Structures are given as structure tokens and as C-alpha cells.
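Understanding the architecture of this molecule
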Amino acid sequence: RHAVCIFYLVLRALDTIEDDMTISLDVKVPMLHEFHSYLYQPEWKYMESKEKDRQVLEDFPTISMEFRNLSKVYQDVISDICHKMGVGMAEFLEKKVDSQHEWDKYCHYVAGLVGIGLSRLFSASELEDPVVGQDTELANSMGLFLQKTNIIRDYLEDQLEGREFWPREVWSRYAKKLSDLAKPENIEMAVQCLNELITNALHHVPDVLTYLSRLKNQSVFNFCAIPQVMAIATLAACYNNKQVFRGVVKIRKGQAVTLMMDATNIQAVKAIMYQYVEEIYQKIPSTDPSSNKTQQVVASIRAMSLPGGPMASRHHYSPIYLSCAMLLAALSWQYLSTISKATEEYVQGGEN
């Protein structure tokens, strides 16, 4: 628990530096490259950030002290991931995401490495078998599925803030500029582009199901499974939906709570995945350029998700257990951002 919480705070600090547009590149790039070394410098902190999460940089000595109190096996994982992520973030500060390969690479740096790091922590704690931490390809897919969902859903918000994460290789087939997709006259092409990216993201689901099927510890399972079922529900809501280019598409709060309560075992998760890919399948337009690819990936997910037995009944846990499980899920989900706003609104009561 401590290792995961410190991992989250360290990456939140690194992310805050990356996100702060007031830091010049000649200052930011070396900071990102060297950030992992700050974990071993008791006095290091950064007081000039203008970001909303600047407290993690201003109080970094508190975080780094707790980091140095962790077992060395945890320190080594966190430091290594932090180093790789900082280098990757710096690489993409000075270039845009062009090819689908680069999209995968960017998502690996900012999210796949989180999945790999968490998996190594699970194995290091001996709560999970060594293979969970060793199979970096599956762990990477866990992060990529969440990050791509976030990027797809946040098209309009990113446009308004001057950020572009949709791969040029895809959107350039539908528009001259990525911003053109938000124009009403381009909505048909925009939705086709959206559907192609969702189809791309769905290719990670088989890896997600294989990864989750290996987990043995209940808390670890909940922590990993809840963000993934939230992501598939979000993609189902976004698929073929013009609203992605007009506002924020969110899953309903009641739907989110139901998913959190139900995703407690692999059979339940498979049933949830099956339900949402069926929802997508029913919405595939026959005229969509990606329709064949979408049908193919849905078929592969169906084959893995077919209920092999009765739907596992919901377990009855104590309120304290559920609170802890939800807190863990919320921490993971917040870092990977996939439905951070929906979660915040749920916690705060929301406007609906």
C-alpha cells in the first residue's frame, strides 16, 4: 500500500512538471531527465510551478523521505520507472504524435510504464506471482487501454487547451487539421475518425483480460479491474457519438458505482466486457470505413469473454473493505485520468 501510494505521488510530481506550460523547455527537459535522482536528494523541491497540483513539488522532501523509507526492492522499481518516464516525456515535449506507432510509444511512456511499475510492485510484494511483473507486454496494454480511452474522450478539452494527442496518421485521413473535426460541417468524418481510434484501443482488451486472469489477490484485482471496466464503458459511450466533438461524454454516476461493485472477479469482468462490446457492435454503421476491423476486434473479445458458466454473483463485503477497495481504485484511476472528472463529480455530488 505504501509503495503504491508513494509511486502515485512521485509520478504526480513528475506529471506536474510535464504539464506546467510556464516552465521553459530549457529548464523542463533537464528536470524531466534528472527527476529520478531527486528522489535521493532530501532537500530538493520546486517552488515556481503554477499548476493546480504544485503542492507535490513544493512538499517534495516529504514524498522523497517516505520513498527512501520504502524497501529497496520498491525503491528500485519506482526510480527505474520514473527515469524511463521522464526521458519519454521529454522526447514528446518537442514533437507531436504522428504515427500510430508513436501514439503507442507516447501512451507507453505516460501510462504503460505505470502499468509495468505497478505490476513489478505487486510481484515484489509477493501478493502476486513473479510472472505478473515479468510480462511487461500485458502490463503495458493495461496502461495503453486506459490512456487511449482518456485521449479519445478528451478530444474537445485538449483542443480548447491547445493540446493534440490524436495520431496524425489517423486524423489526417479525415481532415486537414485536427481542430477541423470539431466543425459541424465535418461531423460525419469526425465520427469516422473517432470510431477508427476506438477500434484501435479495443485491440488491447484481450491483453487486459489475460492480465486480470493471472491475479490472485482480491485487493490487487479490484485495483486493476475497476479502471478497465470504466474504460470499456466509456468507449461504448463514445463510439459513433457526435457528442465527443461537442462536449464531454461521461458514463452515468450510477453506472460507475455498479461497475465498481461488480468488477470483483474475472468472470464478472469478462461479462462486463462482453456487454459493452456488444453495445458497440450494435452501433457499428455499415458505411463506416473501420466497420470490418471493428467487427473483427469485437469478435475476438467476445471469444475471450463468452460466459463459460453462470455469472459470478456479487460478493458481499464489509463497508470498510469496500471503502478501501474504492479508495485504491480511485487513486489508480485519478493518475491515469480516464474518468477523473466523473469520479470527482461523483464524490462532490455533481451537478445532476
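Because the structure is predicted, anything quoted here is derived from the model rather than measured.

1. Digging into the overall build of the chain
- Looking only at helices and strands, one finds 18 helices and 0 strands in the chain.
- When burial is assessed residue by residue, the chain has 52% of its 352 residues classed as buried.
- Put simply, of all contacts in the chain between residues at least 6 apart along the chain, 74% involve residues at least 24 apart.
- Within the structure as shown, the chain displays about 16,000 Å² of accessible surface, and the carbon and sulfur contribution to it stands at 53%.

2. Side note on unusual backbone geometry
- Even without glycine at this site, Glu126 takes up a positive phi of about 70 degrees.
- When you line up the elements, Glu126 lands in the loop between helix H6 (100-124) and helix H7 (130-134).
- Here the phi dihedral of Asn240 falls at roughly 55 degrees; this positive angle occurs in a residue that is not glycine.
- Within the secondary structure, Asn240 sits in the loop between helix H13 (218-238) and helix H14 (253-262).

3. A short note on the pattern of salt bridges
- One pass over the structure, following the stated rule, counts 21 salt bridges.
- Its salt-bridge partner being Lys148, residue Asp104 comes within 2.6 Å of it at the nearest N-O pair. Taken as a pair, Asp104 in helix H6 and Lys148 in helix H8 (residues 136-153) lie far apart in primary sequence, 44 residues in all.
- Residue Lys148 is classed as buried on the basis of its relative accessible area, which comes to 1%.
- Where Lys183 meets Asp180, a salt bridge forms, and the shortest distance between an N and an O atom there is 3.1 Å.
- Overall, the relative accessible area of 10% leaves Asp180 in the buried class.
- Among the charged side chains, a network of salt bridges with common partners joins Arg12, Asp15, Lys52 and Asp53.

4. Side note on the environment of Leu25
- Mapped onto the fold, Leu25 is located in helix H2 (residues 25-38).
- What makes Leu25 partly exposed here is its relative accessible area of 39%.
- Separated by 65 residues in the primary sequence, Leu25 and Ala90 have C-alpha atoms spaced 8.9 Å apart.
- Other than its neighbours up to four places away in sequence, Leu25 contacts Pro30, Leu93 and Glu94.

5. A short note on H13
- A rise of 1.5 Å per residue sets the reference length of H13, with its 21 residues, at 30 Å; its end C-alpha atoms lie 30 Å apart and thus fit the reference within 8%.
- The sharpest bend along H13 comes to roughly 25 degrees, located at Ala225, with the proline Pro227 sitting one to four residues further on.
- Of all 21 residues making up H13, 18 are buried, and the element is well covered by its neighbours.
- The N-cap of H13, judged by a side-chain oxygen 3.0 Å from the amide nitrogen of Ser219 a few residues on, is Asn217.
- Of the residues one or two after H13, Asn240 is the one with positive phi, at around 55 degrees.

6. With respect to the packing of aromatic side chains
- Applying the stated criterion to the full structure yields 13 aromatic pairs.
- Each ring, one from Tyr106 and one from Phe165, has its centre 5.3 Å from the other, and the planes form 20 degrees; the classification is stacked. Highlighted residues: Tyr106 in helix H6 and Phe165 in the loop between helix H9 (155-160) and helix H10 (168-171), separated in sequence by 59 residues.
- On the accessibility criterion, Tyr106 (7% relative accessible area) is buried.
- Between Trp166 and Phe245, the ring centres sit 5.9 Å apart and the planes meet at 80 degrees, which makes this aromatic pair edge-to-face. Placement of Trp166 in the loop between H9 and H10 and of Phe245 in the loop between H13 and H14 is noted, with a sequence separation of 79 residues between them. The two residues Trp166 and Phe245 agree in class, both being buried.
- Taken together through their ring pairs, the aromatic side chains of Phe35, Tyr38, Trp44 and Phe60 make up a single cluster.

7. Some details on the nonpolar core
- Judged by nonpolar contacts, the single largest core of 113 residues is most densely connected at Phe35, Trp166, Leu181, Tyr211, Leu212 and Phe245.
- A per-element tally of this core places H13 first, with 14 residues.
- Contacts of Leu181, omitting those with residues within four sequence positions, involve Tyr155, Trp166, Trp171, Tyr174, Ala175, Met189, Ala190, Cys193 and Phe245.

The rules behind these values
Residues numbered from 1 in each chain as written. Predicted model: local features only at pLDDT ≥ 70, side-chain atom pairs only at ≥ 80, totals over all residues. Heavy atoms only, no water. Helix = DSSP H or I, 4+ residues; strand = E, 2+ residues; numbered from the N terminus. Buried < 20%, exposed > 50% of the residue type's maximum accessible area, 1.4 Å probe, protein only. Contact = heavy atoms within 4.5 Å. Areas by Shrake-Rupley, 256 points an atom, 1.4 Å probe, with all protein chains shown as cover. Salt bridge = Lys/Arg side-chain N within 4 Å of Asp/Glu carboxyl O. Expected span 1.5 Å × (residues − 1). Bend = angle between axes of the 7 residues up to and from the residue. Polar contact = N/O pair within 3.5 Å; in protein donor to acceptor, adjacent residues only side chain to side chain. Phe/Tyr/Trp six-rings, centres within 6.5 Å; stacked < 30°, edge-to-face > 60°. Core = buried A, V, L, I, M, F, W, Y, C linked by side-chain atoms within 4.5 Å.

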